[in-house]
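An overview of the molecular structure
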Amino acid sequence: MEFKTMILGHLLMLSLALNVGLLYRDYIGNGKQKFQEFFSSENKLKNASLITNRDANNVVESTVLETEETSSSKAVDETIDLDHGDPTMYERYWQKMGDKTTVLIPGWRFISYFSDGNNICWFLEPEFANAIIRLHKLVGNAVTENRYIVVGTGSTQLLQAVLYAVSPPNATEPIDVVSAAPFYSSYPLITDFLKSGLYKWGGDANKFKKDKPYIELVTSPNNPDGFSRDAVVNRDQGILIHDLAYYWPQYTSISYTADHDIMLFTVSKSTGHAGTRLGWALVKDQDIAKKMTEFVMLSTIGVSKESQIRAAKILQVVSDSHEYRGDFNEGEAFFEHSHKLVERRWKQLRDAVSNVKIFSLPEFPLWHCTFTNSSFTTQPAFAWLKCESEIDDCESFLRHHKIRTRGGKHFGDDEKYVRISVLPRDKIFDQFIKRLSSISSS
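Keep in mind the model is a prediction, meaning the values are calculated, not measured.

Per the counting criterion, the structure on display carries 25 aromatic pairs. On the basis of an interplanar angle of 85° and a centroid distance of 5.7 Å, the ring pair of Phe335 and Phe371 is categorised as edge-to-face. Taken together, the residues Phe335 in helix H10 (residues 334-356) and Phe371 in the loop between strand S12 (366-369) and strand S13 (374-377) connect sequence positions 36 residues apart. Linked through ring pairs, Tyr90, Tyr93, Trp94, Phe128, Trp248, Phe265, Trp280, Phe334, Phe335 and Phe371 together constitute an aromatic cluster. The residue whose ring lies beneath Lys291 is Tyr164, and the NZ or CZ to ring-centre distance is 5.0 Å.

Have a look at this one:
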């Protein structure tokens, strides 16, 4: 009897372990699929995961978020995923900065919900606000005087907050939100995600003909094609929101100081710290700033203070690297380093496209940059690649060659175009260039 009982016990434990394993697999799989359905162009589960292996001092990320060392051992025939704009290109620079960006936060800090009760955005850390103002003044890309700063969990939350803030509250129908094609592919998803009665996606701004109030999203430099943008509709009843996530000197010339009513920025594309999940808005109108703060308060009761303090330190180091060069090694001024890196990648890409002869890339004008006091052409974070000849579906064509991109239809444009991220780690980008160069015109 004791032996049978022991056997039954072992079988019971085995069955329990198998069931728990299946439940865990389903939970992780479903969660991952929902995340990727929101950001992916194909709305399907991809072969990607995030695994963390802890040792005594650090966390090593593997699979999708690979280190330079592990990515160098990727199989030659493995699919190169350049669909998303994950800015891991910046990782090596920040590794070299070492303890310059290290932040120690005692456990007793940040107990309260409040950062500054006298501020309209009461969860905005003063240290982060000061770092934002200092950086904009250094670069000269945006006016900060007489502006309210609203912080959000990335520019995605800020976009939803500003749509809520500027939409007429008592309108008989939702106000249309438009953007000129090719527009950022997530704009339609973000706009319609909450199924709000206040606003709805209205499509390509070039095709908007209604004589009604509207909201126009102006992205400059534009995602996906990299061109500088102005408003398209230009009517009296319009409300403009300027998304300036890429208006930094590693991507484009700083040719003017932006002075718009509502301007959105994000840590992820300015310094590469996408995982910190922070964005900020510079808002001229006090009532709009109040309503944006209300949206963030009701959706997440503020924004992580730890993230803000970390981001503040990072922005301070960026400014220090230019203003106090004696404390840094040669070539470590952030925007100079980043500019050269992106410039080199665009040269590699243009050389590869020129050799293959079945693709084309946009040509950008030469602009003088007031920050660098030099002239250069735009070198965007994304490449808007066009398949020439008889190739009608560029995304499928490149997928056949195991290069995953995002097709033009997701940006309101032709399927002959694809958006390609220029921001992955060096090894991934070099593999992409090598594979692109090997594609035959046949």
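Text resumes after the structure shown.
Moving on to helix H6 (residues 186-193). The complete set of buried residues in H6 reads Ser186, Tyr187, Pro188, Ile190 and Thr191. In the segment just after H6, Lys195 is the residue with positive phi, at about 50°.

On to the pairing of strand S10 (residues 279-283). Among the 5 residues that make up S10, 5 are buried, leaving the element largely enclosed by the rest of the structure. Of the two faces of S10, the one carrying Gly279, Ala281 and Val283 and the one carrying Trp280 and Leu282 are both buried. For strand S4 (residues 148-152) and S10, the ladder comprises 5 bridges, and the chain directions are antiparallel. Bridged to Val150 within S10 is Ala281. Bridge analysis of strand S9 (residues 262-266) against S10 gives 5 bridges, and the strand direction is antiparallel. Looking at the pairing, Ile262 lines up with Val283 of S10.

The next subject is the packing of helix H9 (residues 305-323) against H10. At a minimum axis separation of 7 Å, H9 and H10 run at an interaxial angle of 95°. It follows that H9 is roughly perpendicular to H10 by the angle criterion. Two secondary-structure elements touch here, H9 through Val318, Ser321 and His322 and H10 through Phe334, Phe335 and Glu336. Taken together, the residues of the contact of H9 with H10 sort by class into 3 nonpolar, 2 polar and 1 charged.

This paragraph deals with empty space enclosed by the protein. To find the voids left in a structure, one rolls a probe of water-molecule size over its atoms. Considering all chains together, one arrives at 1 cavity of 30 Å³ or more under this definition. Size it by volume and the largest cavity reaches roughly 50 Å³. In terms of lining, the largest cavity is formed by Pro221, Asn222, Asn223, Pro224, Gly226, Tyr246, Tyr251, Pro380, Ala381 and Phe382. Among the residues making up the lining of the largest cavity, the classes are represented as 7 nonpolar, 3 polar and no charged.

Turning our attention to the layout of surface pockets. Taken as a whole, the second largest pocket holds about 290 Å³ of empty space. Lining the second largest pocket are 19 residues, and of these Ser220, Ser228, Arg229, Ser255 and Tyr256 lie nearest its centre. Split into classes, the residues belonging to the lining of the second largest pocket amount to 8 nonpolar, 9 polar and 2 charged.

Cut-offs used in this document
- Residues numbered from 1 in each chain as written.
- Predicted model: local features only at pLDDT ≥ 70, side-chain atom pairs only at ≥ 80, totals over all residues.
- Heavy atoms only, no water.
- Phe/Tyr/Trp six-rings, centres within 6.5 Å; stacked < 30°, edge-to-face > 60°.
- Helix = DSSP H or I, 4+ residues; strand = E, 2+ residues; numbered from the N terminus.
- Lys NZ or Arg CZ within 6 Å of the ring centre and 35° of its normal.
- Buried < 20%, exposed > 50% of the residue type's maximum accessible area, 1.4 Å probe, protein only.
- Pairing = 2+ DSSP bridges.
- Axes fitted to C-alpha atoms, helices over the stretch in contact; angles between N-to-C directions.
- Parallel < 35°, antiparallel > 145°, perpendicular 65-115°, else oblique.
- Contact = heavy atoms within 4.5 Å.
- Nonpolar A, V, L, I, M, F, W, Y, C, P; charged D, E, K, R; others polar.
- 1 Å grid on protein atoms, 1.4 Å probe; cavity = no way out; pocket = protein on both sides within 12 Å on 5 of 7 lines; lining within 4 Å.
- Points joined across faces, edges and corners; volume = space filled by probe spheres on them.

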